[in-house]
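Residues per chain, in single letters:
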Number of protein chains: 2
Amino acid sequence: MRLDKPLPPGSTIGILGGGQLGRMLTLAAARLGIRCHIYAPEADSPAFQVAAAHTIAPYDDYEALAGFARSVELVTYEFENVPAETAAFLAARVPLAPDARALATAQDRVAEKTFLSGLGIAVAPFAAVDTVAELDAALSTIGRPAILKTRRFGYDGKGQTRIDRQKAAATALAEIDLAPAILEGLVSFDHEVSVIAARGWDGVVACYDVPLNRHENHILATSTVPSGLDPALESKAREIAAAILRALDYVGVMGIELFAGRFGLMVNELAPRVHNSGHWTLDACLVSQFEQHIRAVCGWPLGNPARHSDVVMTNLLGDGVQDWQRLAQEADVGLHLYGKSEARRGRKMGHFNRLSPRSGD
Amino acid sequence: MRLDKPLPPGSTIGILGGGQLGRMLTLAAARLGIRCHIYAPEADSPAFQVAAAHTIAPYDDYEALAGFARSVELVTYEFENVPAETAAFLAARVPLAPDARALATAQDRVAEKTFLSGLGIAVAPFAAVDTVAELDAALSTIGRPAILKTRRFGYDGKGQTRIDRQKAAATALAEIDLAPAILEGLVSFDHEVSVIAARGWDGVVACYDVPLNRHENHILATSTVPSGLDPALESKAREIAAAILRALDYVGVMGIELFAGRFGLMVNELAPRVHNSGHWTLDACLVSQFEQHIRAVCGWPLGNPARHSDVVMTNLLGDGVQDWQRLAQEADVGLHLYGKSEARRGRKMGHFNRLSPRSGD
């Protein structure tokens with residue numbers, strides 16, 4: 001179902017997933033007078049604390065899903081692993097944005113890379129592999145070192161293993177529990193960047209400035225804007241993003257991770273949702289990526305993505321959140337904490353944005 | 001009770017009042033990982049939509065108040081007319097900020113002006129009047145035209161009447177229902193400005209830039225920053241604000257309305273809470289007045305009040321909120337809607353902040 005007219009203030013929308021992204025979406029929606037109903041299986045989901053309503057139920061509880069669909073004007077989500085059956089069930093009842101096709105494309109690394117290649121967008125060399133024979137064949141084409149990843153459900157470095165000169169194909173497959181997989185050639189890149197792009201039901205696209213992203217242990221550590229990249233390359237990155245959103249007839253915000261290097265640009269991964277590398281927009285832009293997503297899915301005009309300040313976003317992982325008092329003292333820091341009770345190692349507990357006056361770029 | 005140490009993220013605080021100010025306080029608290037429990041008598045209070053918990057009960061329901069006090073680490077409020085008995089009952093159980101003295105001072109126009117005069121701060125000529133004889137005597141001292149106001153519960157021009165040459169004292173007193181009153185001399189001022197000031201438990205004070213305020217029909221229409229006022233006068237206004245907060249041993253954000261004219265500065269009114277003329281801080285500062293209040297009452301370091309942009313805040317009253325779609329299209333506008341279902345005439349439904357790059361002042 002498509003949305004036939006903009007949802008006025010006072011409407012209630014549904015969000016699948018109750019983590020920090022759902023929480024920040026809910027806070028942004030509240031600013032516009034839009035109420036959120038969060039659907040999540042975990043009883044202590046951080047988004048529940050700020051939402052007008054919530055349902056605690058598994059994603060395959062169709063009775064709960066039906067009640068959820070009846071209580072909202074449309075459904076969106078904070079994570080890409082919404083089961084296809086859940087998406088189809090909801091989409092038959094209310095507008096779902098981004099839609100099932102966006103989910104299907106982003107959930108499967110082979111589908112994603114095939115889609116991107118079909119658009120003429122550069123990606124790492126890749127091959128689908130399910131067996132030792134297929135992996136051996138792929139390794140002889142793609143070469144070593146390479147990365148073996150599960151096709152589905154991988155994030156923050158989980159579900160992947162590096163295959164160097166020594167490692168046998170069988171060992172590598174065992175390391176990812178013999179899951180359906182993709183072999184990707186190791187790309188020697190100079191920088192990781194991303195584009196946070198939005199597209200409305202009317203086809204209008206808006207992209208934020210490109211952040212330079214630094215990862216530690218496969219988890220995003222910082223995003224820096226401006227990125228310092230060649231402006232022509234940044235402009236090219238935004239064009240790639242716009243082409244992807246248009247090809248998917250996408251509605252909402254998408255995070256597109258890219259590698260930059262001697263080869264130019266290569267797309268690494270799509271996230272059909274608001275993205276950690278866009279958290280800087282909360283303090284450096286008039287309209288954050290969260291409000292932009294709400295505007296896009298609700299049929300509102302997209303907001304202005306221009307930044308008014310330069311910014312470095314830093315994630316607070318695990319015990320890093322204990323620094324809150326020191327960070328709250330710093331005059332140039334915007335602090336964001338997610339209301340999670342347990343600071344497990346590596347868990348995203350919050351982030352902070354360090355602002356400086358906008359440079360000329 | 002005083003707060004003995006900063007409330008860590010994950011704490012729950014209580015807010016009396018569930019209107020737009022309570023709602024924006026709750027959203028700001030969420031950003032810091034602080035949960036809010038809203039206490040308000042109205043079943044459809046806008047703040048309930050975004051709060052972790054709420055209690056619907058009258059302010060004199062002591063059983064409900066006791067339960068509320070048990071569920072929170074401290075109590076603050078969004079409106080100055082919290083009954084003294086309610087404040088005392090809560091303050092005996094949990095820290096209350098701002099405290100009962102701030103409430104008592106701001107609730108009664110005579111107490112407020114007496115307090116200010118005692119600090120050597122200029123106010124309009126005034127006299128307490130309860131009877132026709134007292135009013136006649138006050139009119140002969142203060143002169144006509146003058147304004148007769150109820151001592152308590154007046155806001156947005158309600159509970160006041162102008163006494164010009166013709167009007168009899170008895171008529172004027174009847175117009176305000178013979179309530180205990182104050183007669184104030186009419187001040188011929190050039191500008192209305194305000195200071196949004198914050199003070200922490202540690203005595204640190206921070207003031208935002210001074211907005212120039214324009215009222216229509218006694219309701220705030222716009223706040224403009226920078227104000228265009230002489231910087232020395234702005235600086236003087238901030239000094240007056242700081243003196244007031246210190247004299248009250250105040251904790252939290254206060255809105256202080258002033259007149260500027262040939263006489264210099266004169267304080268018109270104190271609001272012991274976040275203030276409509278500070279709504280521009282939501283988009284033009286890294287830390288809004290709402291977050292500043294949460295930081296102050298929770299014992300956190302105060303945030304940096306510097307603005308990164310120039311801004312004009314405009315209130316959306318009654319049907320004015322129907323403009324949301326046009327306003328959402330404007331690239332320099334930050335839009336804030338309060339989630340109120342009924343757009344009654346003159347009701348504050350939202351506001352918008354129009355930003356421009358920061359000028360040199």
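Since the model is a prediction, treat every value here as computed from it, not as a measurement.

A. Quick look at the overall build of chain A. Secondary structure summary: chain A contains 11 helices and 17 strands in total. On the principal axes, the C-alpha backbone points of chain A span a range of 60 × 50 × 40 Å. Expressed as a percentage of the 361 residues in chain A, the buried residues total 52%. When contacts within chain A are restricted to residue pairs at least 6 apart in sequence, those whose partners lie at least 24 apart make up 63%.

B. Main features of the pairing of strand β9 (residues 191-199) of chain B. Residue and element names in this part refer to chain B. Among the nine residues that make up β9, eight are buried, leaving the element largely enclosed by the rest of the structure. Where β9 and strand β13 (residues 252-261) come together, nine bridges link them in antiparallel fashion. Bridged to R199 within β13 is G252. Bridge analysis of β9 against strand β11 (residues 212-216) gives two bridges, and the strand direction is antiparallel. Looking across to β11, one finds that E192 is bridged to N213.

C. Layout of the sheet that holds strand β7 (residues 160-163) of chain B. Residue and element names in this part refer to chain B. Pairing is antiparallel in the open sheet, where four strands are placed in the order β5-β8-β6-β7. The sheet terminates laterally at β5 (126-129) and β7, the two strands that pair on one side only. Going across the sheet, the axis of each strand differs from the next one's by a mean of 25°, ignoring polarity. In this structure, β5 lies alongside strand β8 (residues 181-185), joined through four bridges in antiparallel fashion.

D. Broad picture of the environment of D60(A). Residues and elements named next belong to chain A. Summarising the element assignment, D60 is placed in the loop between β3 (53-56) and α2 (62-70). Under the C-beta neighbour-count criterion, D60 is labelled exposed, with 12 such atoms within 10 Å. Sequence spacing of D60 and F89 is 29 residues, and the spatial spacing of their C-alpha atoms is 9.7 Å. In contact with D60, other than residues within four places in its own chain, are P83, E85 and T86.

E. Representation of the sheet that holds strand β2 (residues 35-40) of chain A in the model. Residues and elements named next belong to chain A. Reading across the sheet, the four strands line up as β3-β2-β1-β4 and stay open at both edges, with parallel pairing between neighbours. Because the sheet does not close on itself, it has two edges, and the strands there are β3 and β4 (75-77). Here the strands of the sheet are splayed against their neighbours by 25° on average, with no regard to which way each runs. Inspection of the sheet shows strand β1 (residues 12-16) paired to β2 by five bridges, in the parallel sense. Bridging from a neighbouring strand, L16 pairs with Y39 of β2.

F. Highlighting the interface of chain B and chain A. On the chain A side, the residues contacting the 34 residues of chain B number 34 residues. The set of elements that each furnish at least two residues to the side of chain B that touches chain A consists of α1 (20-31), α11 (324-329), β16 (333-337) and β17 (348-357) of chain B. Across the side of chain B that touches chain A, the residue classes tally to 17 nonpolar, 13 polar and four charged.

G. Geometry of the domain arrangement of chain A. Residue and element names in this part refer to chain A. Once the domains are mapped, chain A shows domain 1 (12-96), domain 2 (125-185) and domain 3 (191-357). Placing the centre of domain 1 and that of domain 3 at their C-alpha centroids yields a distance of 22 Å. Counting residues at the interface gives 21 residues for domain 1 and 17 residues for domain 3. Listing elements by their share of the side of domain 1 that touches domain 3, those giving two or more residues are α1 (20-31) and β4. Tallying contributions element by element places α1 first for the side of domain 1 that touches domain 3, with nine residues. Residues of the side of domain 1 that touches domain 3, tallied by class, amount to 13 nonpolar, three polar and five charged.

H. Quick look at the relation of the copies chain B and chain A. For the pair chain B and chain A, the relating rotation is 180°, the translation along its axis is 0.0 Å, and the fit reaches an RMSD of 0.0 Å. Taken together, the rotation and translation relating the two chain copies correspond to the operation of a two-fold axis. Residue V50(B) of chain B places its C-alpha closer to the rotation axis than any other residue of that unit, at 2.2 Å. An overlap of 100% is found between the interface residues of chain B and their copies at the interface of chain A, pointing to a shared contact surface.

I. Geometry of the nonpolar core. L183(A) and L183(B) are the most contacted members of the largest nonpolar core, which totals 225 residues. Apart from residues no more than four positions distant in its own chain, L183(B) is found in contact with F126(B), A127(B), V129(B), L135(B), A138(B), L139(B), I142(B), A146(B) and L148(B).

J. Inspection of the environment of G264(A) at higher detail. Residue and element names in this part refer to chain A. With respect to the helices, strands and loops of the structure, G264 is situated in strand β14 (residues 264-271). A count of 12 C-beta atoms within 10 Å places G264 in the exposed class. Spatially, the C-alpha atoms of G264 and L355 are 29 Å apart, while their sequence positions differ by 91 residues.

K. A look at unusual backbone geometry. Looking along the chain, the bond that leaves V225(A) and enters P226(A) is cis, with omega of 5°. By secondary structure assignment, the location of P226(A) is in the loop between β12 (219-225) and α8 (231-247). Phi angles above zero are rare outside glycine, and D249(A) is one such case at about 45°. On the secondary structure map, D249(A) appears in the loop between α8 and β13 (252-261). With a phi angle near 60°, L178(B) is a residue other than glycine that sits in the positive phi range. In this structure, L178(B) sits in the loop between α7 (169-175) and β8.

L. Local environment of the pairing of strand β9 (residues 191-199) of chain A. Residues and elements named next belong to chain A. Two strands pair when backbone bridges link them, and β9 and strand β10 (residues 205-207) are joined in this way by three bridges, in the antiparallel orientation. In the sheet register, R199 faces β10, and the bridge partner there is V205. The hairpin turn running from β9 into β10, its antiparallel successor, is five residues long, and G203 in that turn takes a positive phi close to 90°.

M. Quick peek at the environment of G278(B). All names here are of chain B. The residue G278 is located in the loop between β14 (264-271) and α9 (281-284) in this model. What makes G278 buried here is the crowd of 30 C-beta atoms within 10 Å. Counting along the chain gives 93 residues from G278 to G185, while the straight-line C-alpha distance between them is 27 Å.

N. Representation of helix α5 (residues 109-118) of chain A in the model. Residues and elements named next belong to chain A. Residues of α5 that are buried include every one of R109, E112, K113, F115 and L116, and no others. Taken around the axis of α5, the buried residues stretch over an arc of 160°, which confines them to a single face. Those residues of α5 that are buried are in contact with α4 (100-107), β5 (126-129), β6 (146-150), β8 (181-185) and β14. Directly after α5, the chain includes G120, whose backbone phi takes a positive value near 80°.

Conventions and cut-offs
Residues numbered from 1 in each chain as written. Chains lettered and ligands numbered in written order. Predicted model: local features only at pLDDT ≥ 70, side-chain atom pairs only at ≥ 80, totals over all residues. Helix = DSSP H or I, 4+ residues; strand = E, 2+ residues; numbered from the N terminus. Buried ≥ 20, exposed ≤ 12 C-beta atoms within 10 Å, placed from the backbone. Contact = placed C-beta atoms within 7 Å. Pairing = 2+ DSSP bridges. Axes fitted to C-alpha atoms, helices over the stretch in contact; angles between N-to-C directions. Nonpolar A, V, L, I, M, F, W, Y, C, P; charged D, E, K, R; others polar. Domains from an automatic or database assignment. Least-squares fit on C-alpha atoms with pLDDT ≥ 70 in both. Core = buried A, V, L, I, M, F, W, Y, C linked by C-beta atoms within 7 Å. Arc of directions from axis to C-beta.

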